[in-house]
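The lines below spell out each chain.
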Amino acid sequence: MRNIDPKQKSYGFSAALAAFFGWGLLPVYWKALITVNPFEILCHRVVWSLLFIAVILTLRRGWRDTFAPLKSRRDLLILTGSSLMIGCNWLLYIWAVNNDHVLDTSLGYYINPLVNVLLGFVFFRERLRPLQMVAIGLAALGVVNSVIAHGQLPWISLALAVSFGLYGLLRKIASVESLPGLFLETMVLGPFALAYILWLQAHGTSALFHQGLNVDLLLMGAGVVTASPLIGFAYGARRLQLTTLGLLQYLSPSIAFLLGVFVYREPFNASHLLTFALIWSGLTVYTVESVMTMRTQRRMAGTGTAA
């Protein structure tokens, strides 16, 4: 990684920390819209995100590069697929939060890094290192424990982890930066989302302008709470080591976990604790292995340079 001024690293850390903290607090935001249908919330999230990101791109003069991927049929198809993945992920997340499944969302995003490892193995033939296999095995035991204890798959957690993993996979192979990419994705979903909002308005069943000023402001602010953490994350990612980002990513599901247990009082018994403990153990193994691997690669690169 190139040398970065310590002050810039500090700014990057603050931005990334704020981003993950914001993502962790999203359940509080969606809970405040519990009177609104989750699909309507999703549509507002898409439309207001599109408008907010358009303003940011205008201020940053980023329009030239934003539409470049549309010249490639491959990138257009990939972005369409990533739009569907993130749309499904957002909808399930909002529905889960507002139906008292905050702990399931937390578990899903704890599992996500391990799902990414599996996707790398399946799609990019990335070799699974022994400790990575141990980490995935521990996570699998957590899922098995949940099935045995509750008689069903933790489908919300798995669906969130897999949909976000596939979204990340598609964005990895698309030639587009984070903010322009999110604009293009919301642009794909935008016409359908706006049409649904207008249909609700025409039939007098829309929450917007019918449930009070607080709801109106929260629906309009959905774009800000969607894009702002992404901007902070992108700023931090350019200034921090991947190891630091990897550790910070656990902040969001940890905050959701604390909210689910201590604020929303969702059921959490010994079997839930064992499931989470196995997942946490897997993440610990995964994180330690990642740090060790990066240090080894850095040391080898330094040796090669000196030679």
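Please read these numbers as outputs of a predicted model, since none were measured by experiment.

Asks: So, the side chain of Glu-185: which residues are in play, and what are the values?
Replies: Residue placement: Glu-185 occurs in helix H9 (residues 178–202). With relative accessibility at 1%, the residue Glu-185 sits in the buried group. In this view, Glu-185 contacts Leu-79, Ser-82, Ser-83, Ile-86, Tyr-167 and Arg-171; residues no more than four positions away in its chain are not counted.

Asks: Any chance you could break down the packing of aromatic side chains for me, citing the residues and the numbers?
Replies: As enumerated under the stated definition, the model contains 20 aromatic pairs in all. Seen from their ring centres, Trp-63 and Phe-67 are 5.7 Å apart, and the 10° between their planes marks the pair as stacked. A residue is classified by how much of its surface remains accessible, and Phe-67, at 33% relative accessible area, is partly exposed. With centroids separated by 5.3 Å and ring planes inclined at 80°, the aromatic side chains of Phe-257 and Trp-280 adopt a geometry described as edge-to-face. One end of the pair, Phe-257, is in helix H13 (residues 251–263); the other, Trp-280, is in helix H14 (residues 270–306), and 23 residues separate them in sequence. Residue classification places Phe-257 among the buried positions, given a relative accessible area of 11%. You can call Trp-280 partly exposed: its relative accessible area is 28%.

Asks: Requested: an account of unusual backbone geometry, with residues and values cited.
Replies: Of note in the backbone geometry, Phe-209 takes a positive phi value of approximately 70° without being a glycine. Note that Phe-209 resides in the loop between H9 and helix H10 (213–220). Residue classification places Phe-209 among the exposed positions, given a relative accessible area of 55%. Phi angles above zero are rare outside glycine, and Arg-265 is one such case at about 55°. Mapped onto the elements of the fold, Arg-265 is located in the loop between H13 and H14.

Asks: I'd love a proper account of the nonpolar core, names of residues and values included.
Replies: Val-46, Ile-53, Trp-90, Leu-179 and Phe-183 are the most contacted members of the largest nonpolar core, which totals 24 residues. Breaking this core down by element, the ones donating at least two residues are helix H3 (38–59), helix H5 (73–98), H9 and helix H11 (222–237). Per-element accounting of this core gives the leading share, eight residues, to H3. Apart from residues lying up to four places away in sequence, Leu-179 is in contact with Ile-53, Ile-56, Leu-57, Arg-60, Leu-230 and Ile-231.

Asks: Tell me about the packing of H3 against H11, residues and numbers included.
Replies: Contact geometry for H3 and H11: axes closest at 7 Å, N-to-C directions at 55°. Here H3 is positioned oblique relative to H11, judged by the angle of their axes. The handedness of the crossing between H3 and H11 is right-handed. Contact with H3, carried on its side by Arg-45, Trp-48, Ser-49, Phe-52, Ile-53 and Ile-56, involves Ala-222, Gly-223, Val-224, Thr-226, Ala-227, Ser-228 and Ile-231 of H11 and no other residues of that element. When its residues are assigned to classes, the contact of H3 with H11 shows eight nonpolar, four polar and one charged.

Asks: Now, about the pattern of salt bridges: what can you tell me, with residues and values included?
Replies: This model, assessed by the stated rule, comprises four salt bridges. The residue Arg-74 makes a salt bridge to Asp-75 at a minimum N-O spacing of 3.3 Å. We classify Asp-75 as buried; its relative accessible area is 7%. The shortest N-O distance in the salt bridge between Arg-129 and Glu-289 comes to 2.4 Å.

Asks: Give a description of the confidence of the model for the chain that names residues and reports values.
Replies: Chain-level statistics for the chain give a pLDDT mean of 91 and a share of 97% at 70 or above. Across the chain, helix H2 (residues 26–31) holds the top mean pLDDT of 98, while helix H12 (residues 242–248) sits lowest at 80.

Asks: Lay out a nonpolar patch on the surface in plain terms, naming residues and giving numbers.
Replies: A cluster of nonpolar side chains, Trp-95, Val-147, Leu-153 and Trp-155, forms an exposed patch at the surface whose accessible area comes to about 370 Å². Residue placement: Leu-153 occurs in the loop between helix H7 (130–150) and helix H8 (155–173).

Each value, and the rule that gives it
Residues numbered from 1 in each chain as written. Predicted model: local features only at pLDDT ≥ 70, side-chain atom pairs only at ≥ 80, totals over all residues. Heavy atoms only, no water. Helix = DSSP H or I, 4+ residues; strand = E, 2+ residues; numbered from the N terminus. Buried < 20%, exposed > 50% of the residue type's maximum accessible area, 1.4 Å probe, protein only. Contact = heavy atoms within 4.5 Å. Phe/Tyr/Trp six-rings, centres within 6.5 Å; stacked < 30°, edge-to-face > 60°. Core = buried A, V, L, I, M, F, W, Y, C linked by side-chain atoms within 4.5 Å. Axes fitted to C-alpha atoms, helices over the stretch in contact; angles between N-to-C directions. Parallel < 35°, antiparallel > 145°, perpendicular 65-115°, else oblique. Left-handed = near helix turned anticlockwise from the far one by under 90°. Nonpolar A, V, L, I, M, F, W, Y, C, P; charged D, E, K, R; others polar. Salt bridge = Lys/Arg side-chain N within 4 Å of Asp/Glu carboxyl O. pLDDT = per-residue confidence, 0-100. Patch = residues over 30% accessible without salt bridge, like charges linked within 9 Å, V, L, I, M, F, W, Y side chains within 5 Å. Areas by Shrake-Rupley, 256 points an atom, 1.4 Å probe, with all protein chains shown as cover.

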